[in-house]
Amino acid sequence: MTQHNASTTTTNARTISATHLNALMSSDYVYALIDVREAGEYNSSHIPASSLISRRDLEIQMAGSVHHKGIHIIVCDDDGRRADLAAGTLRRMGYTNVSALDGGMNRWVVEKLPTEWGVNVPSKDYGEKMQVQHHVPEITATDLNQRIENGDKLVILDTRTPEEYQRACIPGGRSIPGGELSLRITDITSQLDDDTTVVVNCAGRTRSIIGTRVLQRMGLTNVFGLENGTAGWVLAGLELEANGDRLELPELSPEGIAAAEQYADTLATEDGVKFLDIPGLYAMIGRQSAENIYLIDVRTEAEYTAGHIPGFRWFPGGQAVQRSDEVGVVHNCPIVFTCDSKARAVQTASMYRQMGHKEVYAVDGGTSAWESAGAELESGMPATAPDGFAEAVLQAKHISAHELESDSQVTKIFVDPSQDFAWGHALGAHWIPRGWLELRIEATAPDKSAPLTVTCRDGVQSTLAAATLSELGYSDVSVLNGGMAAWLESGLPVEKGLSGVMSIPTDVLPMGPDRNFADMVNYLRWEEELGHKYETG
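Criteria and cut-off values
For every chain, the first residue of the written sequence is number 1, and numbering continues from 1 along that sequence. The model is predicted, so local features are restricted to residues of pLDDT at least 70 and side-chain atom pairs to those at 80 or more, both for listing and for counting; the totals for chains, interfaces and linings are taken over all residues. Remark: hydrogens and water are excluded; side-chain values derive from all non-hydrogen atoms of the structure. Only DSSP runs of H or I reaching four residues or more are called helices, and only runs of E reaching two or more are called strands; each is numbered from the N terminus. The buried label goes to any residue with under 20% of its type's maximum accessible area, the exposed label to any with over 50%, and the partly exposed label to all in between, with areas taken from a 1.4 Å probe on protein chains only. Two residues form a contact once any of their heavy atoms are found within 4.5 Å. For the area figures, the Shrake-Rupley method with a 1.4 Å probe applies, and any residue is considered shielded solely by the protein chains shown. Charged residues are defined here as Lys and Arg on the positive side and Asp and Glu on the negative side; His and the ends of the chain fall outside this count. Where a charge lies is defined by one atom per residue type, namely NZ (Lys), CZ (Arg), CG (Asp) and CD (Glu). Note on aromatic pairs: the rings of Phe, Tyr and Trp (six-membered ring only in Trp) are paired at centre separations within 6.5 Å, and the planes decide the class, stacked below 30 degrees, edge-to-face beyond 60, tilted for the rest. Two conditions define a charge located above a ring, namely a distance within 6 Å from the ring centre to NZ of Lys or CZ of Arg, and an angle within 35 degrees of the ring normal. Whether two strands pair comes down to DSSP finding at least two bridges between them. Within this scheme, the nonpolar core is defined by two criteria: the residues are buried Ala, Val, Leu, Ile, Met, Phe, Trp, Tyr or Cys, and they are joined through side-chain atoms within 4.5 Å. N or O atoms within 3.5 Å of each other form a polar contact, as long as, within protein, one can give a hydrogen and the other can take it, and as long as residues adjacent in sequence are counted only when both atoms are side-chain atoms. In a helix, the anticipated span is given by 1.5 Å times the number of residues less one. Salt bridges, as used here, are contacts in which a Lys or Arg side-chain nitrogen is within 4 Å of a carboxyl oxygen on Asp or Glu. Think of each axis as a best-fit line through the C-alpha atoms, taken over the contacting stretch in the case of a helix, with angles from 0 to 180 degrees between the N-to-C directions. For classification purposes, angles smaller than 35 degrees are called roughly parallel, those larger than 145 roughly antiparallel, those between 65 and 115 roughly perpendicular, and all remaining angles oblique. Should the near helix be turned counterclockwise from the far one by less than a right angle, the crossing is left-handed, whereas a clockwise turn marks it as right-handed. In the cavity and pocket records, a cavity denotes points on a 1 Å grid over the protein atoms alone where a 1.4 Å probe fits but cannot get out, a pocket denotes an open set with protein on both sides within 12 Å along at least 5 of 7 lines, and lining residues are residues with an atom within 4 Å of a point. Grid points are joined across faces, edges and corners, and a volume is the space filled by probe spheres set on the points. Here the nonpolar group is Ala, Val, Leu, Ile, Met, Phe, Trp, Tyr, Cys and Pro; Asp, Glu, Lys and Arg are the charged ones; every other residue, Gly included, is treated as polar.

K.L.:
Residues and numbers for the overall build of the protein chain, please.
P.N.:
Across its full length, the protein chain holds 26 helices and 21 strands. Viewed in the frame of its principal axes, the protein chain has a C-alpha envelope of about 75 × 55 × 55 Å. Split into buried and exposed, the 537 residues of the protein chain put 51% on the buried side. Counted over contacts in the protein chain with a minimum sequence separation of 6, partners at least 24 positions apart contribute 77%. Element-wise, carbon and sulfur atoms account for 50% of the exposed surface of the protein chain, whose accessible area totals about 23,100 Å². Taken as two groups, the 43 positive and 73 negative side-chain charges of the protein chain have centres that lie 5 Å from each other.

What follows is the structure in structure tokens.
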């Protein structure tokens with residue numbers, strides 16, 4: 001193993017022991033536990049209650065994930081080296097209370113503390129709990145296909161994101177993102193015969209189960225979740241439809257809104273969702289200077305960009321539930337949801353309550369109440385550059401694709417994930433993922449005075465990496481302007497595959513249709529097994 005100068009590869013971060021961390025996790029302490037490895041590593045094994053923000057994404061994601069700079073942030077990895085570096089990055093970003101897990105996951109495992117595998121586990125666990133405890137009805141892919149062929153009366157509601165739906169969907173399915181279900185279902189079913197069967201699907205199990213449970217609680221009886229979603233459809237040997245175009249959401253009627261809001265009131269009472277009026281919301285916003293408070297708008301992207309309450313982050317309701325550990329990275333802090341009135345906010349908030357979040361609110365009246373109180377909405381999607389990016393751009397020496405292609409002496413490195421490297425990189429480029437940069441660069445570029453050009457997919461990670469290399473003492477560093485996107489646009493030759501990569505990458509996690517059959521089976525079995533602990537008798 002290559003030895004590195006400790007002064008350039010460590011930051012001497014404050015550490016926290018595995019025993020101490022384990023005690024914090026079972027208390028009401030406000031903290032964030034962030035795993036800074038890559039998605040593939042995190043999926044293989046991680047500490048329960050940890051959220052994944054890979055080291056290369058800290059500058060991009062932290063502003064939305066941990067708002068208050070004084071929150072105790074604990075970073076972890078496998079052996080502590082990347083966590084130590086990540087702690088230094090966070091301190092430079094202004095976070096004042098950062099610890100690294102002493103010895104990383106390795107020490108955690110040696111002390112026989114619990115681990116789990118998978119991603120978005122709290123949400124997956126919640127879905128399987130609903131399935132077991134409420135006997136959510138399901139239909140198999142084979143049975144559904146037979147009913148389609150028989151011409152049975154069906155409506156298939158795809159609760160994934162519109163982007164997922166358009167990539168591949170159940171034939172004939174229409175896109176209704178999960179967060180829209182309670183608001184839209186009355187107007188969907190009003191157009192159907194009474195004996196029409198409603199089928200809810202997603203990519204696997206979670207969103208199908210959760211969506212079906214919503215309709216079950218609203219009183220629908222002829223409703224089923226598609227067992228194992230689109231993955232189950234493919235495993236059954238059936239073909240998905242590409243480029244689905246049934247994206248338009250139904251117009252809302254007074255009856256549909258009334259049904260959704262009555263359901264929201266029931267949820268709030270049964271699940272313990274608290275309402276905030278506008279003065280209460282102002283008071284909550286005022287608390288942000290002293291504590292971490294999440295403000296989440298769960299409407300559609302079009303609604304959010306047309307006008308949202310200042311300070312609220314867009315996270316559509318279905319995805320906010322599916323990815324709850326990404327929304328609430330900080331544990332034991334308030335979460336406030338809003339929509340245009342209350343139906344969608346309460347639907348999402350009730351699920352957070354069921355997942356165990358204690359302080360969950362819905363803004364009563366949402367954006368409508370905000371405007372009625374004389375306050376203004378903001379429009380557009382907030383544009384936030386990665387922390388330190390503007391400074392890194394000014395510092396960097398940018399070269400064009402043709403300049404780089406004509407220089408035979410320069411060492412080229414690519415710092416994005418292995419999947420992007422395999423899709424296409426400049427001829428002769430070395431893959432050094434940015435999360436490992438300080439720990440691996442010396443083996444590829446031992447001479448710090450020799451020319452070195454950093455590349456990536458779009459020029460963002462490479463610009464940040466160039467700043468790091470300059471801090472490490474590399475004196476002739478340049479960045480490919482516009483990244484490989486500019487290289488491809490210039491029509492220059494591209495090298496594909498994992499050229500020069502001597503060990504199997506562990507950074508990428510295939511998702512959805514990118515999984516092979518064996519991965520699909522293992523994933524679906526894992527999801528279902530999460531519910532076994534809730535079975536009785």
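K.L.:
Pulling in residues and values, what's your account of the packing of aromatic side chains?
P.N.:
Scanning all chains against the criterion turns up 6 aromatic pairs. Aromatic rings pair up to connect Trp117, Tyr523 and Trp526 into one cluster. For Lys69, the ring lying beneath its charged end belongs to Tyr95, and the centroid distance is 5.1 Å. In this arrangement the basic side chain of Arg440 is found over the ring face of Trp436, its NZ or CZ atom lying 4.1 Å from the centre.

K.L.:
Kindly report on the sheet that holds strand 7 (residues 154-158), identifying the contributing residues and their values.
P.N.:
With parallel pairing, 5 strands are arranged side by side in an open sheet as 6-10-9-7-8. In this open sheet, the two strands that pair with only one neighbour each are strand 6 (138-139) and strand 8 (174-175). Two elements, strand 7 and strand 8, share 2 bridges in a ladder whose sense is parallel. Residue pairing in the sheet places Leu157 in a bridge with Arg174 of strand 8.

K.L.:
Which residues make up the nonpolar core, and what values do they have?
P.N.:
Counting 61 residues, the largest nonpolar core has Ile34, Met62 and Val66 as its most contacted members. At 5 residues, helix 18 (residues 343-354) tops the list of elements feeding residues into this core. Apart from residues no more than four positions distant in its own chain, Met62 is found in contact with Ile34, Ile53, Asp57, Ile73, Leu90, Met93 and Tyr95. Residues Ile413, Ala445, Leu452 and Val479 belong to the second largest nonpolar core, which totals 17 residues.

K.L.:
Before we move on, could you go through the environment of Asp420 and cite the residues and values that matter?
P.N.:
Its place among the elements puts Asp420 in helix 22 (residues 418-423). Classification of Asp420 as buried rests on a relative accessible area of 11%. The spacing of Asp420 and Tyr126 is 294 residues in sequence and 33 Å in space, taken between C-alpha atoms. The contact partners of Asp420, leaving out residues within four places of it in the chain, are Phe414 and Arg457. Among the polar contacts listed, one links the side chain of Asp420 to the side chain of Arg457, at a separation of 3.1 Å.

K.L.:
Tell me about helix 7 (residues 121-134), and name the residues and values.
P.N.:
An ideal rise of 1.5 Å per residue puts 20 Å on 14 residues; helix 7 measures up with 20 Å between its terminal C-alpha atoms. Along helix 7, 10 of the 14 residues are buried, which leaves the element largely enclosed by surrounding structure. Taken as a whole, helix 7 has its buried residues at Val121, Ser123, Lys124, Asp125, Tyr126, Gly127, Glu128, Met130, Gln131 and Val132. Note on helix 7: the residue one or two positions beyond its end, His135, has a positive phi of about 50°.

K.L.:
I'd like a rundown of the side chain of Arg207, residues and numbers included.
P.N.:
Looking at the secondary structure, you find Arg207 in helix 11 (residues 206-217). Looking at Arg207, its side chain comes within polar contact range of the side chain of Glu164, at 2.8 Å. Beyond its immediate sequence surroundings of up to four residues, Arg207 is in contact with Thr159, Arg160, Thr161, Glu164, Val200, Cys202, Gln319 and Gln322.

K.L.:
Talk me through the pattern of salt bridges; I want residue IDs and the actual numbers.
P.N.:
Going through the model one piece at a time under the given rule, you end up with 37 salt bridges. We note a salt bridge from Asp28 to Lys358, for which the minimum N-O separation is 2.8 Å. Placement of Asp28 in the loop between helix 2 (18-25) and strand 2 (31-35) and of Lys358 in the loop between helix 18 and strand 16 (360-363) is noted, with a sequence separation of 330 residues between them. Considered together, Asp28 and Lys358 belong to a single accessibility category, that of exposed residues. A salt bridge links Asp458 to Arg457; its shortest N-O distance comes to 3.9 Å. Residue classification places Asp458 among the partly exposed positions, given a relative accessible area of 37%. With a relative accessible area of 42%, Arg457 lands in the partly exposed category. Several salt bridges converge on common partners, so that one network encompasses Glu180, Arg184, Glu303, Asp340 and Arg344.

K.L.:
Help me get a handle on the packing of helix 13 (residues 254-271) against helix 18, residues and values and all.
P.N.:
In the contact formed by helix 13 and helix 18, the axes pass within 9 Å of each other and the chain directions differ by 25°. The angle between helix 13 and helix 18 falls in the class roughly parallel. The chirality of how helix 13 crosses helix 18 is left-handed. Residues Ala260, Glu261, Ala264, Leu267, Ala268 and Asp271 of helix 13 form the contact with helix 18, whose participating residues are Ala343, Val346, Gln347, Ser350, Arg353 and Gln354.

K.L.:
Could you give me a rundown of the layout of surface pockets, with the residues and numbers involved?
P.N.:
The volume enclosed by the second largest pocket comes to roughly 860 Å³. Surrounding the second largest pocket, 31 residues form its lining, Ala49, His331, Met355, Gly356 and His357 being those nearest its centre. Contributions of two or more residues to the lining of the second largest pocket are made by helix 7, helix 17 (324-327) and strand 14 (330-331). Here the element with the most residues in the lining of the second largest pocket is helix 7; it accounts for 5 residues. Along the lines of polarity and charge, the residues of the lining of the second largest pocket split into 14 nonpolar, 9 polar and 8 charged.

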